[in-house]
Amino acid sequence: MVVGTERLIVRTGIFQCLNKKRVGMELDLGMWRNFFDSWNPVFLSLGPVALSWYGLCFFLGVSLSAIFFLWRIWHDSPLKAEVGFVGAVDIVLVSVCGAVLGARIGFVLAYNPQFFLAHPIALVSPFDISTGAWIGISGMSAFGAIIGSTAGMFLLARSRRW
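Notes on the structure follow.

1. Points about the pattern of salt bridges
One pass over the structure, following the stated rule, counts one salt bridge. For aspartate 90, the salt bridge goes to arginine 160, with nearest N and O atoms at 2.5 Å. With aspartate 90 in helix α2 (residues 80-111) and arginine 160 in helix α4 (residues 142-160), this pair connects stretches of sequence that are 70 residues apart.

2. Quick look at α4
Look at α4: 27 Å from first C-alpha to last across 19 residues, which is about the 27 Å you get at 1.5 Å a residue. Every buried residue of α4 is accounted for by Gly144, Ala145, Gly148, Ser149, Gly152 and Leu156. The arc that holds the buried residues of α4, viewed along the axis, is 125°, so those residues lie on one side. Turned more than 90 degrees off the buried face of α4, the exposed positions are Ile146, Ile147, Thr150, Phe154 and Arg158. In this structure, the buried residues of α4 make contact with α2.

3. Side note on the packing of helix α1 (residues 53-75) against α2
Between α1 and α2, whose axes approach to 9 Å, the crossing angle comes to 165°. Put simply, α1 runs roughly antiparallel to α2. Helix-helix and strand crossings are classified by hand; for α1 and α2 the assignment is right-handed. Residues Phe58, Val62, Ala66, Phe69, Leu70, Ile73 and Trp74 of α1 lie in contact with α2, whose contacting residues are Lys80, Phe85, Ala88, Val89, Ile91, Val92, Val96 and Val100.

4. Concerning the side chain of serine 141
Tracing the backbone shows serine 141 in the loop between α3 (113-118) and α4. Among the residues examined, serine 141 registers a relative accessible area of 4% and is labelled buried. Side-chain polar atoms of serine 141 contact the backbone nitrogen of phenylalanine 107, separated by 3.4 Å. Apart from the residues within four sequence positions on either side, serine 141 is in contact with Ala103, Gly106, Phe107 and Tyr111.

The rules behind the values
- Residues numbered from 1 in each chain as written.
- Predicted model: local features only at pLDDT ≥ 70, side-chain atom pairs only at ≥ 80, totals over all residues.
- Heavy atoms only, no water.
- Salt bridge = Lys/Arg side-chain N within 4 Å of Asp/Glu carboxyl O.
- Helix = DSSP H or I, 4+ residues; strand = E, 2+ residues; numbered from the N terminus.
- Expected span 1.5 Å × (residues − 1).
- Buried < 20%, exposed > 50% of the residue type's maximum accessible area, 1.4 Å probe, protein only.
- Arc of directions from axis to C-beta.
- Contact = heavy atoms within 4.5 Å.
- Axes fitted to C-alpha atoms, helices over the stretch in contact; angles between N-to-C directions.
- Parallel < 35°, antiparallel > 145°, perpendicular 65-115°, else oblique.
- Left-handed = near helix turned anticlockwise from the far one by under 90°.
- Polar contact = N/O pair within 3.5 Å; in protein donor to acceptor, adjacent residues only side chain to side chain.

Here you go:
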């Protein structure tokens, strides 16, 4: 991938570096360079409540994963007799709660621990500390979500003796 001053070009095929002669196909990706900068992060606004694309994707991902997992446990799994439907719902809830808590804690520990040690209420407060304005709770990390979900699943399995 070569980045130019006025456009972005992806080159495929063979090209010779010595005499700058290119042989192959070019695909102009100039319009895609700033494509996401023009998007509004809010997809639905109902008065003072604004729903973001990130929240929609998070909700859809969790919901579809939970539905698929419960369907697989109920129809195809030999774990159906041992775990049961209530146990499968518990697995989904513990996994999601562990992922959200782990993602938040992972963000705090990795990106700005000094601020959150000085202002611990900022961990859960959707308001700005200095102005009091609504800013929402932002900052989640993927590695923290993985660790939190795994820890939650481990503790659940250990408490149920699975």
